[in-house]
Amino acid sequence: MSVEKKNGTSNYEYVTARVQARRAALFDDEDYRKLVRMGPGEIARYMEETEYETEVNALGSKYSGVDLIEHALNRNLGKHFNDLLRWADGQLYEFIARYLRKFDAWNIKTVIRGIYSDSDSEAIEEDLIYAGELDRRFLDRLTEAGSIEDVVEMLDRTRYGDALADAYADYEETGVLIPLENAVDRTYYEGLIGGVTQTDNRATQLYVEFLQAEIDFRNARNALRIARSGADLDPADYFIEGGELFRASELSQLSADVGELVTFIRDSTYGDDLSAALDELERADSLIGFEHALDAALLEYSDHLSHVFPLSICPVLAYVLAKEREVDNIRAIARGREAGLSEDEIENELVML
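Residues numbered from 1 in each chain as written. Predicted model: local features only at pLDDT ≥ 70, side-chain atom pairs only at ≥ 80, totals over all residues. Heavy atoms only, no water.

S.K.: I'm lost on the overall build of the protein chain in this one. Help?
M.R.: Tallying secondary structure elements over the protein chain gives 20 helices and zero strands in all. Along the first, second and third principal axes, the C-alpha set of the protein chain runs to 55 × 50 × 45 Å. A buried classification covers 53% of the 353 residues belonging to the protein chain. In the protein chain, 67% of the contacts between residues at least 6 apart in sequence involve partners at least 24 apart. (Helix = DSSP H or I, 4+ residues; strand = E, 2+ residues; numbered from the N terminus. Buried < 20%, exposed > 50% of the residue type's maximum accessible area, 1.4 Å probe, protein only. Contact = heavy atoms within 4.5 Å.)

S.K.: Can you walk me through the nonpolar core in this structure?
M.R.: The nonpolar side chains of soluble globular proteins are, as a tendency, buried together. Grouped together as the largest cluster of nonpolar side chains are 117 residues, with contacts concentrated most on Y99, L164, I313 and I330. Once you skip the residues sitting within four places of it in the chain, I330 turns out to touch F27, Y32, L35, I43, M47, Y52, I69 and L73. Listed in part, the five residues of the second largest apolar core include V176, I178, L233 and Y238. (Core = buried A, V, L, I, M, F, W, Y, C linked by side-chain atoms within 4.5 Å.)

S.K.: Please clarify how the packing of helix α7 (residues 90-99) against helix α14 (residues 202-229) should be interpreted in this entry.
M.R.: Each packed pair of helices is defined by two parameters, the angle between the axes and the distance between the axes. Taken N-terminus to C-terminus, the directions of α7 and α14 make an angle of 15°; their axes are 11 Å apart at the nearest point. In this view, α7 runs roughly parallel relative to α14, as classed from their interaxial angle. Between α7 and α14 lies a crossing whose hand is right-handed. On α14, the residues that touch Q91, F95, R98 and Y99 of α7 are A203, T204, Y207, F210, L211 and E214. (Axes fitted to C-alpha atoms, helices over the stretch in contact; angles between N-to-C directions. Parallel < 35°, antiparallel > 145°, perpendicular 65-115°, else oblique. Left-handed = near helix turned anticlockwise from the far one by under 90°.)

S.K.: I would appreciate a short explanation of the side chain of T16 in the present structure.
M.R.: Summarising the element assignment, T16 is placed in helix α2 (residues 12-24). Setting aside residues up to four positions removed in sequence, T16 forms contacts with P310, L311, S312, P315 and V316.

S.K.: How should helix α6 (residues 65-87) be read in this particular structure?
M.R.: Because the α-helix completes a turn every 3.6 residues, residues three or four places apart line up on one side. Taking 1.5 Å of rise per residue, the 23 residues of α6 would be expected to cover 33 Å, and the 33 Å separating its terminal C-alpha atoms lies within 8% of that figure. With respect to burial, α6 is a largely interior element, 17 of its 23 residues being buried. (Expected span 1.5 Å × (residues − 1).)

S.K.: How should I be thinking about the packing of aromatic side chains in this particular structure?
M.R.: Centre distance and the angle of the planes are the two values used to describe a pair of aromatic rings. Counting across every chain of the model gives 13 aromatic pairs. When the centroid spacing of 4.0 Å and the interplanar angle of 15° are considered together, the rings of F95 and Y207 count as stacked. Note that F95 is positioned in helix α7 and Y207 in helix α14, a separation of 112 residues in sequence. As far as the burial class goes, F95 and Y207 line up, both buried. Aromatic pair F246 and F264: ring centres 5.5 Å apart, planes at 10°, arrangement stacked. Here F246, found in the loop between α14 and α15 (248-254), pairs with F264, found in helix α16 (residues 258-266); they are 18 residues apart in sequence, far enough to count as distant. Of the aromatic side chains, those joined through ring pairs into one cluster are F27, Y32, Y46 and Y52. (Phe/Tyr/Trp six-rings, centres within 6.5 Å; stacked < 30°, edge-to-face > 60°.)

S.K.: Quick question: what am I supposed to make of the packing of helix α4 (residues 40-48) against α6 here?
M.R.: Following both chains from N to C, one finds α4 and α6 inclined at 35°, their axes separated by 8 Å at the closest point. Of the two possible hands of crossing, α4 and α6 adopt the one that is left-handed. Within the contact between the two elements, α4 uses P40, I43, A44 and M47 and α6 uses G65, V66, L68, I69, A72 and L73. Within the contact of α4 with α6, the residues separate by chemical class into nine nonpolar, one polar and no charged. (Nonpolar A, V, L, I, M, F, W, Y, C, P; charged D, E, K, R; others polar.)

S.K.: I'm lost on the pattern of salt bridges in this one. Help?
M.R.: Pairs can form between side chains of opposite charge whenever their charged atoms are close. Scanning the entire structure with this criterion turns up 23 salt bridges. Its salt-bridge partner being R101, residue E133 comes within 3.2 Å of it at the nearest N-O pair. Of the two residues, E133 is situated in the loop between α9 (121-125) and α10 (136-143) and R101 in the loop between α7 and α8 (102-116); the sequence distance between them amounts to 32 residues. Judged by relative accessible area, which is 47%, E133 ranks as partly exposed. Taken together, the shared-partner salt bridges connect E70, D127, D328, R331 and R335 into one network. (Salt bridge = Lys/Arg side-chain N within 4 Å of Asp/Glu carboxyl O.)

S.K.: Where do I start with the side chain of N182 in this structure?
M.R.: Secondary-structure assignment places N182 in helix α13 (residues 178-194). The exposure class assigned to N182 is buried, which follows from its relative accessible area of 3%. Look past the residues within four positions of N182 in its chain and what remains in contact with it is N222, Y238 and I240.

S.K.: Whenever I open this one, the environment of K79 confuses me. Can you help?
M.R.: Within the fold, K79 resides in helix α6. On a C-alpha basis, the gap between K79 and E55 in space is 9.9 Å, while along the polypeptide they are 24 residues apart.

S.K.: It is not clear to me how a negative patch on the surface should be interpreted in this structure. Could you clarify?
M.R.: On the surface, a cluster of negative charge is made up of E149, D150, E153, D156, D162, D166, D170, E172, E173, D232, D234 and D237. Sorting elements by how many residues they give to the negative patch places helix α12 (residues 161-174) first, with five residues. Its place among the elements puts D156 in the loop between α11 (148-154) and α12. (Patch = residues over 30% accessible without salt bridge, like charges linked within 9 Å, V, L, I, M, F, W, Y side chains within 5 Å. Areas by Shrake-Rupley, 256 points an atom, 1.4 Å probe, with all protein chains shown as cover. Lys, Arg positive; Asp, Glu negative; His and termini not counted. Charge placed at Lys NZ, Arg CZ, Asp CG, Glu CD.)

Quick look at the structure:
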């Protein structure tokens, strides 16, 4: 982070105007319904007629089909999020830079999952997003690690080192990735919100409010994931500090009953804004359905904050979530078509609003 960028005056009006233009170009639900009916080659051609044109054309001679789509999506995502840093000044730049560390967390979890499932380094590399602080050379070294233990050792001198080292024993004992993945998430979120002091500054208050909501929904997701895993893990042990909705002691009880969890959220400060999404949570009959509904709920909440506070960090962070949703949806469609899933099965993998 340059000193000039950090110490300048925040340029919210300029950045939010640029973000609104980018947001308007995102795919909508009708685009996804069209893509679901296409094969990978057709999807790539469709993307070539959109703002993914540069990436598809640049990579088309090297990749094809799903590989082309994957690489184009990730390159485009990195470009857009680095544009946010290029546009922003002052405290706004600092807020965005800190938030984009989430892609370091994403990349670490992607490498760990890839090695766990015996994927080769090229397959793992396809899912990396180069938008955080860890540079490409270091990430390439991670993808080539021979074991999860090697990955943990390589991350020893990063902000994730201590937490991963502590979680590795639980991973060895249980054989599930939840302890390692949660260690990464806790390091990211607690470091993120712990470094933001509560002040009378409205910009900072909004940033904190947004992060608290994301932590709340991450805790809800983790609680159910642990409960469904069958592993002998207490959700309270994997609680992420910094949210407003839950206490660690409550999470263990709520994780055992989705109905109780939904009621608890509905009766909270999020209830009015998340009514439709919570209805979907109650209908979700699988973990993936629950998680997609949570993602939609967080998107809905971020949009609410953006409309109430249009010249703030909120529209920027809402755009980051919406762009992630677009990339995840296109990737899920392409992979689903390649795997021969039906249109209904693919649509069940999408986050729709």
